[in-house]
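# Coordinates in review
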Amino acid sequence: MAHIGVLALQGDYEKHSRSLARVGAQTSEVRTAAELEPCDGLVIPGGESTSMLKLLDREGLFEPLRRFGARKFIFGTCAGAILLATRVENPEQPSLGLVDIAVRRNAYGRQLDSRVASIAGVGFGSMEAVFIRAPIILSTGPAVRVLARYGNDPVLVEDGRHVVSTFHPELSNDDRVHAYFLKKVTG
Ligand code: GLN
């Protein structure tokens, strides 16, 4: 059984553990580099990317996460997507640079802080997506595959081992994205 850790420093991590358990993963909460070590894959949840960066720094987890991502699988949602990106705007901030995308934080503006939308996926059909102060993926590198879009914007992409969504799949009654990530990990 694949062991998927959920980064549990801040934000919406408990619901990810439940989704992962429902699709058949062994899960654990990750707060230290030692807890990261036994994992085959990791979910970085939504939350507030600036706060998460500070906590990663304080816990000495930034470099261990980067090394983990060079060998193993990471799925980042919303703030997690921002942490994984190669370039971040609004404002610029450091990131792990593991997924070749440029993102703009809080890109849908104040009026549309959160919404539930129907998105169209490649191989997923249509799906309900919950956006909360979501970033926009401004551009994708040549190796990035777009798995779903909202209008023209990519909202679910993969870059090799890693998957990123700008929405919150753990908040829908639909475990297909978690199942997809687990399947990548188990091969
Ligand atoms: N707005 C948050 C950020 O910029 C992300 C929001 C979320 O994860 N739901 O970090």
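Along each chain, residues carry numbers from 1 onward, in the same order as the chain's sequence is written. Restriction of local features to residues with pLDDT of at least 70 applies here, the model being predicted, together with a cutoff of 80 or more for giving and counting side-chain atom pairs; totals for whole chains, interfaces and linings are based on all residues. Side-chain numbers here rest on the full set of heavy atoms in the structure, without hydrogens or water.

## Some points on the overall build of the protein
Runs of H or I in DSSP of at least four residues are treated as helices and runs of E of at least two as strands, each being numbered from the N terminus. Secondary structure assignment for the protein yields six helices and 12 strands. C-alpha atoms define the radius of gyration, and 2.2 Å times the number of residues to the power 0.38 defines the globule rule. In summary, the protein has a C-alpha radius of gyration of 15 Å against a globular reference of 16 Å for 187 residues, a match within 12%. Looking at the protein as a whole, 54% of its 187 residues are labelled buried. Taking contacts inside the protein between residues at least 6 apart in sequence as the whole, the part at least 24 apart equals 63%. Buried means the residue's accessible area, taken with a 1.4 Å probe over protein chains only, is under 20% of the maximum for its type, while exposed means over 50%, and partly exposed covers the values in between. Residues count as neighbours in contact if any of their non-hydrogen atoms are within 4.5 Å of one another.

## Comments concerning the pairing of strand S8 (residues 125–132)
In short, DSSP must find at least two bridges between two strands for them to pair. The pairing of strand S7 (residues 114–121) with S8 spans eight bridges and is classified as antiparallel. Paired with serine 114 across the strands is isoleucine 132, a residue of S8. Here S7 folds back onto S8, and the loop between the two strands holds three residues, one of which, glycine 123, carries a positive phi near 80°.

## So, the sheet that holds strand S12 (residues 162–165)
Read from one edge of the open sheet, nine strands run S2-S1-S3-S4-S12-S11-S10-S7-S8, paired in mixed fashion. Single-partner strands in this sheet number two, and they are strand S2 (26–30) and S8. Strand-to-strand twist in this sheet, taken as the mean axis angle between neighbours without regard to direction, amounts to 25°. Where strand S1 (residues 3–7) meets S2, five bridges bridge the pair, whose relative direction is parallel. Its bridge partner being in S2, glycine 5 is matched across the sheet by serine 28. The axes used here are C-alpha line fits, helices contributing only the stretch in contact, and every angle between their N-to-C directions lies in the interval 0 to 180 degrees. Here helix H6 (residues 176–186) sits on the sheet in contact with S1, strand S3 (41–44), strand S4 (73–77), S8, strand S10 (144–150), strand S11 (153–159) and S12, set at roughly 160° to S4.

## Here we look at the layout of surface pockets
The distinction between a cavity and a pocket rests on a 1 Å grid over the protein atoms alone: a 1.4 Å probe fits inside a cavity but cannot get out, while a pocket stays open yet meets protein on both sides within 12 Å along at least five of seven lines, and a residue with an atom within 4 Å of a point counts as lining. Grid points are joined across faces, edges and corners, and a volume is the space filled by probe spheres set on the points. Counted as a void, the largest pocket has a volume near 180 Å³. Considering the residues around the largest pocket, the lining is formed by 13 residues, among which Gly47, Glu48, Asn106, Ile132 and Arg133 are closest to the centre.

## Structural notes on the site of the ligand
Taken together, Gly46, Gly47, Glu48, Ser49, Cys78, Ala79, Ile82, Arg105, Asn106, Ile132, Arg133 and His168 make up all the residues around the ligand. Relative to its unbound accessible surface of 300 Å², the ligand loses 95% to contact with the protein. Being in a pocket or cavity means that more than half of the molecule's atoms lie within 2 Å of its grid points. Taking a 2 Å distance to the grid points as the criterion, the majority of the atoms of the ligand fall inside the largest pocket. Gly falls in the polar group here, along with every residue not listed as nonpolar (Ala, Val, Leu, Ile, Met, Phe, Trp, Tyr, Cys, Pro) or charged (Asp, Glu, Lys, Arg). Grouping the amino acids of the shell around the ligand by side-chain chemistry returns four nonpolar, five polar and three charged. One heavy atom within 4 Å of a molecule or strand is enough for the residue carrying it to be called near that molecule or strand. Accessible surface is estimated by sampling points in the Shrake-Rupley manner with a 1.4 Å probe; for residues, cover comes only from the protein chains shown.

## Description of the sheet that holds strand S9 (residues 136–140)
Across a sheet, strands are paired by hydrogen bonds formed along the backbone, either parallel or antiparallel in direction. Strand order in the open sheet made by the three strands is S5-S6-S9, with mixed pairing throughout. In the strand order of this sheet, the two ends are held by strand S5 (85–89) and S9, each with one partner. Looking at each pair of strands side by side, their axes are set apart by 25° on average, direction ignored. Summarising the sheet, strand S6 (residues 99–104) and S9 pair through four bridges and their orientation is antiparallel. Note on S9: the bridge partner recorded for isoleucine 101 is threonine 140.

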